[in-house]
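Structural characterization, general
Next come the chains, spelled out residue by residue.
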Amino acid sequence: MKRWLLTAATAALLVPTVVCATEGAGGSSVPALVETVHHNALVLDSHADVLIDSTPRRYFLPDGSSRVSVDKLKAGEVDAVVLSLAVGPGPRDAAGVAQARAEIAAKLEAVQARIAASGGQLVLARSAADIVRAEQEGKTAVLLSFQNARALGADIGAIDALYRDGVRVIAFNHAGHNDWADSSRPSEGEPVAEHGGLSAIGRSAVPKLNDLGVLIDVSQLSKDALLQTLTLTRAPVAATHSAARSVREHTRSLSDEELDAIKANGGVVQVTPFNTYLLKLDEPTRERIRQVRVAHGLSADFNAGNDAYSTLKGDAQQAFLDDLARVQPRASVSDFVDHIDYIAKRIGVEHVGIGTDFDHGAGINGYDSAADSRAVTAELLARGYTADQVTAIWGGNFLRVLRAAEAGRRA
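So, here's what we can say about the structure. (Residues numbered from 1 in each chain as written. Predicted model: local features only at pLDDT ≥ 70, side-chain atom pairs only at ≥ 80, totals over all residues. Heavy atoms only, no water.)

**Examining helix H11 (residues 283-295)**
Note the cut-off: Elements are defined by DSSP. Helices are runs of H or I of four residues or more, strands are runs of E of two residues or more, and each kind is numbered from the N terminus. Multiplying 1.5 Å by the residue count of a helix minus one yields the expected span of that helix. Partly exposed residues are those whose accessible area sits between 20% and 50% of the maximum for their type, while under 20% is buried and over 50% is exposed, using a 1.4 Å probe and protein chains only. Arc, as used here, means the arc of the directions from the helix axis to the C-beta atoms. By definition, residues are in contact when any of their heavy atoms lie within 4.5 Å.
In a regular helix each residue adds 1.5 Å, so 13 residues correspond to 18 Å; H11 covers 18 Å between its end C-alpha atoms and thus fits that length. Of all the positions in H11, only Thr-285, Ile-289, Val-292 and Arg-293 are classed as buried. Projected down its long axis, H11 shows its buried positions confined to an angular sector of 100°, all on one face. Structural note: H11 exposes Val-294 and Ala-295 on the side pointing more than 90 degrees away from its buried face. The elements touched by buried residues of H11 are helix H12 (314-327).

Here's what the structure looks like:
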């Protein structure tokens, strides 16, 4: 069991060691300090994907394994991970919805099988209390989330089935608009906005989720949809895997206006170590991307989101994305923490956390799987964050918001 909430007095004792180490004195104490703080924190990753047989191979590690496998979670002392039953963009007709639902079902089955095969190391959590209990018992908690209501069509009642399956975090969309909300990344050929934010179904879903005590995930929503969600919700929200748009322009990342609104809501922004969202593209990189696009029959022009590839289908789309990944620059842990820093300074350290998006394209130099989690703790301490602040960033802030969503349950 970890003692994950350090006292203010203990934190005060730890901070001077950090300052000395960053100045070059007492450097030998840093590894021990990192180990102590990391071990005592409840380390929580608020968003990782689920690998199944149909998942493109680029999302696996080179050895074919998951970035959040049991061994990597244990190696990085990750106490809880939110696994997302997610689908990407695709057709919204009956056949498309059926295919998306089948993918969700396959991912749910895969999570259940992973827990069953873990020998008791993984446990399904249905609440914040379950997460804390699992950590106290030396187990790793798995909380289920759902992403992209394309898989639900126009059936708002499907939320109840997800809840019964254990889903406690729900995001309305991914890339591409759906019947519930506009996306921050419209598919090629779609208008910038289809609903002007949330649709009628999406607006109805917000209070329904509040009544169930489900945490609403605002990552991937358009700005209008996000702001409308904050107007309608009775509970704080989470952006489970996002970044700061002011640090790196990207339609997928959160603007200062959105960050400020999430602070006013009492919510939290969980930062993702996703290369595309962390680094500004220099001209040589942009030229390499243009060449890849042209080679695959796309226009050389692309926006900051770099997502307009939906005209490519099947294997052609996957080949393009594979080639694109090879020319993208890789960020560092320092680049990643730059986004945490920006958000903490803008809206407060109590409103920022970590959600990796591992197994769906995330992974940077120094933080490429759950096993590397201590590197983030080391970087935060080196920048002067206290032990209590690191603890809050790793799990405390997300648990606070999850508890607040649970407290609003009326169902």
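**Brief notes about helix H7 (residues 200-212)**
Selection rule: N or O atoms within 3.5 Å of each other form a polar contact, as long as, within protein, one can give a hydrogen and the other can take it, and as long as residues adjacent in sequence are counted only when both atoms are side-chain atoms.
Counted at 1.5 Å a residue, the expected span for H7 with its 13 residues is 18 Å, and the 19 Å between its end C-alpha atoms agrees. Contact partners of the buried residues in H7: helix H6 (158-164), strand S5 (167-171), strand S6 (215-217), helix H8 (223-232) and helix H15 (387-407). One side-chain oxygen of the residue at the start of H7 lies 3.3 Å from the amide nitrogen of Ile-201, identifying that residue as Ser-199. Looking one or two residues beyond H7, the residue adopting positive phi is Gly-213, at roughly 80°.

**Some details on unusual backbone geometry**
Phi at Glu-77 is positive, roughly 50°, even though this residue is not glycine. Within the chain, Asp-357 stands out as a residue other than glycine whose phi angle is a positive 65°.

**Digging into the pattern of salt bridges**
Two side chains that carry opposite charge are able to pair once their charged atoms sit near each other. To keep things clear, this is the line we draw: Take a side-chain nitrogen of Lys or Arg and a carboxyl oxygen of Asp or Glu: if they are within 4 Å of each other, that pair is a salt bridge.
Tallied over the entire structure, the rule returns 23 salt bridges. Across the pair Asp-323 and Arg-326 runs a salt bridge, and its minimum N-O distance is 2.4 Å. With Asp-323 and Arg-326 both in helix H12 and three residues apart, this pair spans about one turn of that helix. In this structure, the salt-bridge partner of Asp-341 is Arg-383, at a minimum N-O distance of 2.6 Å. Residue Asp-341 is located in helix H13 (residues 333-347), and its partner Arg-383 is located in the loop between helix H14 (374-382) and H15; the two are separated by 42 residues in the primary sequence. With a relative accessible area of 29%, Arg-383 lands in the partly exposed category.

**Things to note about the pairing of strand S4 (residues 140-147)**
The condition is simple: Two strands qualify as a pair provided that DSSP identifies no fewer than 2 bridges between them. Seen with its strands pointing away from the viewer, a crossover is right-handed if its path from the first strand over the helix to the second goes clockwise.
Most of S4 sits inside the fold, with eight of its eight residues counted as buried. Inspection of the sheet shows strand S2 (residues 80-86) paired to S4 by seven bridges, in the parallel sense. By the bridge assignment, Ala-86 is partnered in S4 with Gln-147. By the bridge criterion, four bridges tie strand S3 (residues 122-125) to S4 in an arrangement that is parallel. Pairing of Leu-124 across the sheet is with Val-142, part of S4. Each parallel crossover has a hand, and for S3 linked through helix H5 (residues 128-136) to S4 it is right-handed. Summarising the sheet, S4 and S5 pair through four bridges and their orientation is parallel. Within S5, the position partnered with Gln-147 by the bridge is Ala-171. This β-α-β element, S4 to H6 to S5, shows right-handed connectivity.

**Focus: the packing of H5 against H15**
Operational definition: Helix axes are fitted only over the stretch in contact, all axes being lines through C-alpha atoms; the angle between N-to-C directions runs from 0 to 180 degrees. Relative orientations are named as follows: roughly parallel for angles under 35 degrees, roughly antiparallel for angles over 145 degrees, roughly perpendicular for angles from 65 to 115 degrees, and oblique for any other angle. Under the grouping applied here, Gly and all other residues not named as nonpolar or charged are polar, the nonpolar ones being Ala, Val, Leu, Ile, Met, Phe, Trp, Tyr, Cys and Pro and the charged ones Asp, Glu, Lys and Arg.
The N-to-C vectors of H5 and H15 enclose an angle of 140°; their axes lie 9 Å apart at closest approach. It follows from the interaxial angle that H5 and H15 lie oblique. Across the interface between the two elements, Ala-128, Ile-131 and Val-132 of H5 pack against Leu-399, Leu-402, Arg-403 and Glu-406 of H15. Its residues placed into classes, the contact of H5 with H15 shows five nonpolar, no polar and two charged.

**Topic: the packing of H13 against H14**
Quick reminder of the rule: Take the far helix as your reference; a near helix turned counterclockwise from it by less than a right angle gives a left-handed crossing, and one turned clockwise gives a right-handed crossing.
Direction vectors running N to C along H13 and H14 enclose 60°, while the axes themselves pass 10 Å from each other. Every pair of crossing elements has a handedness; the one defined by H13 and H14 is right-handed. When H13 is examined against H14, the residues Val-333, Ser-334, Phe-336, Val-337 and Ile-340 are found in contact with a partner set consisting of Ala-375, Val-376, Glu-379 and Leu-380.

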